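# Working through the structure, step by step
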Amino acid sequence: MKAWIGILVMLSATLSRAEMGLSPVQTPQFCMQNFNAYGPIYAPDTYERMEWIGSLLQAAPRCGVIQLQEVWNSSNIDQIENALKYNYQISSPNRNNKIGVMSLFDGDIKGAWTYQFRINNLGGFLDEIRETFGVTKAFHIVQTRLPGIGEDFYFVNTHLHPTSTEIRITQILDILKWRLQNPSLKMLMSGDFNANEKSFERDFMMVVMGLHDSFADALGGSYPPGYCSYCETNPHSWMPGNHMLDYIFVSNAGGANSKIQAVAGELNMRGPLRDPLSDHYGVRVSFKLVQDGVDSLTGSQWIQRRDKVLAVLSQAQQILVSYDDGDLDPYIAEIQGLSEQIQSQQGPYYQYFGQFR
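Just so it is clear, the structure is predicted and the values come from calculations on it, not from any experiment.

The helix and strand inventory of the protein chain stands at 10 helices and 12 strands. Across the 357 residues of the protein chain, 51% fall into the buried class. Long-range pairs, those at least 24 residues apart, make up 72% of the contacts in the protein chain with a sequence separation of at least 6. Accessible area for the protein chain stands at about 16,600 Å²; split by element, carbon and sulfur atoms hold 52% of it.

Let us now look at the state of the cysteines. As enumerated under the stated definition, the model contains two disulfides in all. Bridging cysteine 31 to cysteine 63, the disulfide has an S-S length of 1.8 Å. Here cysteine 63 lies in the loop between α2 (46–58) and β2 (65–69) and cysteine 31 lies in strand β1 (residues 29–36), a separation of 32 residues in the sequence. Residue class for cysteine 31 comes out buried when judged on its relative accessible area of 10%. Owing to a relative accessible area of 3%, cysteine 63 belongs among the buried residues under this scheme. Between the sulfur of cysteine 228 and that of cysteine 231 lies a disulfide, 2.0 Å long from S to S.

Of note, the bond from alanine 60 into proline 61 is cis; its omega dihedral lies within 30 degrees of zero at -5 degrees. Note on placement: proline 61 falls in the loop between α2 and β2. Here the phi dihedral of asparagine 194 falls at roughly 50 degrees; this positive angle occurs in a residue that is not glycine. Turning to its location among the elements, asparagine 194 is positioned in the loop between β8 (186–192) and α6 (200–209). Look at asparagine 194 and you get buried, because its relative accessible area is 14%.

Moving on, we get to helix α9 (residues 329–344). With 16 residues, α9 should reach 22 Å at 1.5 Å per residue; the first-to-last C-alpha distance of 23 Å fits that figure. Considering only its buried residues, α9 is in contact with α5 (165–181), α8 (299–323) and α10 (348–353). In the stretch just after α9, glutamine 345 is the one whose phi turns positive, near 60 degrees.

This brings us to the pairing of strand β12 (residues 282–290). Sheet topology note: the β1/β12 ladder contains six bridges and is antiparallel. Bridging from a neighbouring strand, glutamine 33 pairs with arginine 284 of β12. Both strand β11 (residues 259–268) and β12 contribute to a ladder of nine bridges, which runs antiparallel. By the bridge assignment for β12, leucine 267 is matched with valine 283.

Turning our attention to the environment of alanine 112. Mapped onto the fold, alanine 112 is located in strand β5 (residues 109–116). Taking the C-alpha atoms as reference points, alanine 112 and tyrosine 154, separated by 42 residues in sequence, lie 9.4 Å from one another. Those residues in contact with alanine 112 that lie beyond four places of it in its chain are Ser91, His140, Ile141 and Val142.

How each quantity is defined
- Residues numbered from 1 in each chain as written.
- Predicted model: local features only at pLDDT ≥ 70, side-chain atom pairs only at ≥ 80, totals over all residues.
- Heavy atoms only, no water.
- Helix = DSSP H or I, 4+ residues; strand = E, 2+ residues; numbered from the N terminus.
- Buried < 20%, exposed > 50% of the residue type's maximum accessible area, 1.4 Å probe, protein only.
- Contact = heavy atoms within 4.5 Å.
- Areas by Shrake-Rupley, 256 points an atom, 1.4 Å probe, with all protein chains shown as cover.
- Disulfide = S-S within 2.5 Å.
- Expected span 1.5 Å × (residues − 1).
- Pairing = 2+ DSSP bridges.

So this is what it looks like as structure tokens:
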């Protein structure tokens, strides 16, 4: 009898281990929402729109990360915070400086840093208006670990210059400079980049920083014709034509041997067609964290990547040189330095370049 009991116990344990082995392994997943809330300094119906925006952001299914731009006024910041403070940890650097960006997380905030861009204006008419009102552009970084995710990420929230390619290039270089000093964690960066999907600035940013456009990846690698987060049918739009200006980028450099991978994306936060919430639509992307080790490049792939980086750096340098403004000289020198590191195969940028995945 005892022998039979022993056999049954062993069989039960074997079956339990088999069942555990057959159980599907849960892949860590999370969602990220980006939205330009439409300049409360100048836009209409700000109170009503902010109430609606807050309600939409707290409605199920909620994203674990929300990054907003153009929330300028204290009263509007209060509306967003009051709507979401019980569901999120909130970082609101826009409360102390007129930078408009704020970030919210379903996870503890371990650190937060804000950097104003070194060049915000180059003397244009609208630049003078922004200077009068004290409005500046910046990028805000939060380090956090989301529930169910086994590693910390950096989340960067930014809003680039609305009209100048030259200024946007310098602002991208400012973010890159920070990133080279902080390469140890994976990074997700979202915002209103004021650069459409065919612009040099988007290409420059993705190539020199090793970024993936997560929404485009979720759509199969590119945006269908006419796809837009800033659309000519939107009555708040100031520009003709349809444009993608809002993105969620991913850098898989740094951190554990895992990869952030987009699995689905959508344009949302539209509001009624006759009275949309903003001149922009929101971008929402769902991700999974894949444990897949580190990719290795073939020799020809490495050369192709190196040549692409050198080509866009050269083009960016030419754009800044052609503008002929002394304020751009430090950035021209920085670009030259990045190129030299790639060519000599040494230096912090070359080390970061080697981690592009």
